[in-house]
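# Summary of structural features
If you want the building blocks of each chain, they are given just below.
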Amino acid sequence: MNEKWSSLEETAEYLGVTKDTIRSWIKKTDIPAHKVGRLWKFKFSEVDEWVKSGKSAL
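Residues numbered from 1 in each chain as written. Predicted model: local features only at pLDDT ≥ 70, side-chain atom pairs only at ≥ 80, totals over all residues. Heavy atoms only, no water.

On to the nonpolar core. Membership of the largest hydrophobic core is limited to nine residues, which are Leu8, Ala12, Ile22, Trp25, Ile26, Ile31, Phe42, Val47 and Trp50. Where this core is concerned, the elements lending two or more residues are α1 (8–15), α2 (19–28) and α3 (44–52). Ranked by the residues each element gives to this core, the list is headed by α2, at three residues. Apart from residues lying up to four places away in sequence, Ile22 is in contact with Leu8, Thr11, Ala12, Leu15, Val17 and Phe42. (Core = buried A, V, L, I, M, F, W, Y, C linked by side-chain atoms within 4.5 Å. Buried < 20%, exposed > 50% of the residue type's maximum accessible area, 1.4 Å probe, protein only. Helix = DSSP H or I, 4+ residues; strand = E, 2+ residues; numbered from the N terminus. Contact = heavy atoms within 4.5 Å.)

Structure follows, in structure tokens:
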């Protein structure tokens, strides 16, 4: 089964952070984000791996 793409808002809610925090991580870290047109999209499995790797700590 394919995992659905999640919006910036859904990802912020999933991680318990603000949308501004996600935008900051996009600029300053290697969070797994994919630009689709003007929108940022995420896969929760990729975000989970990124958090577990410790790369989310600024």
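Overall, the coordinates contain two aromatic pairs when judged by the stated rule. When the centroid spacing of 4.0 Å and the interplanar angle of 5° are considered together, the rings of Tyr14 and Phe44 count as stacked. Taken together, the positions of Tyr14 in helix α1 and Phe44 in helix α3 put the pair 30 residues apart, joining distant regions of the chain. Here Trp25 and Trp50 contribute two aromatic rings whose centre-to-centre distance is 5.2 Å and whose plane-to-plane angle is 65°, an arrangement assigned as edge-to-face. Residue Trp25 is found in helix α2, and its partner Trp50 is found in helix α3; the two are separated by 25 residues along the sequence. Across the pair, Trp50 and Trp25 agree in class, each one buried. The ring of Trp5 carries Lys43 above its face, with NZ or CZ at 4.4 Å from the centroid. (Phe/Tyr/Trp six-rings, centres within 6.5 Å; stacked < 30°, edge-to-face > 60°. Lys NZ or Arg CZ within 6 Å of the ring centre and 35° of its normal.)

Honestly, it's all geometry; don't read function into it.
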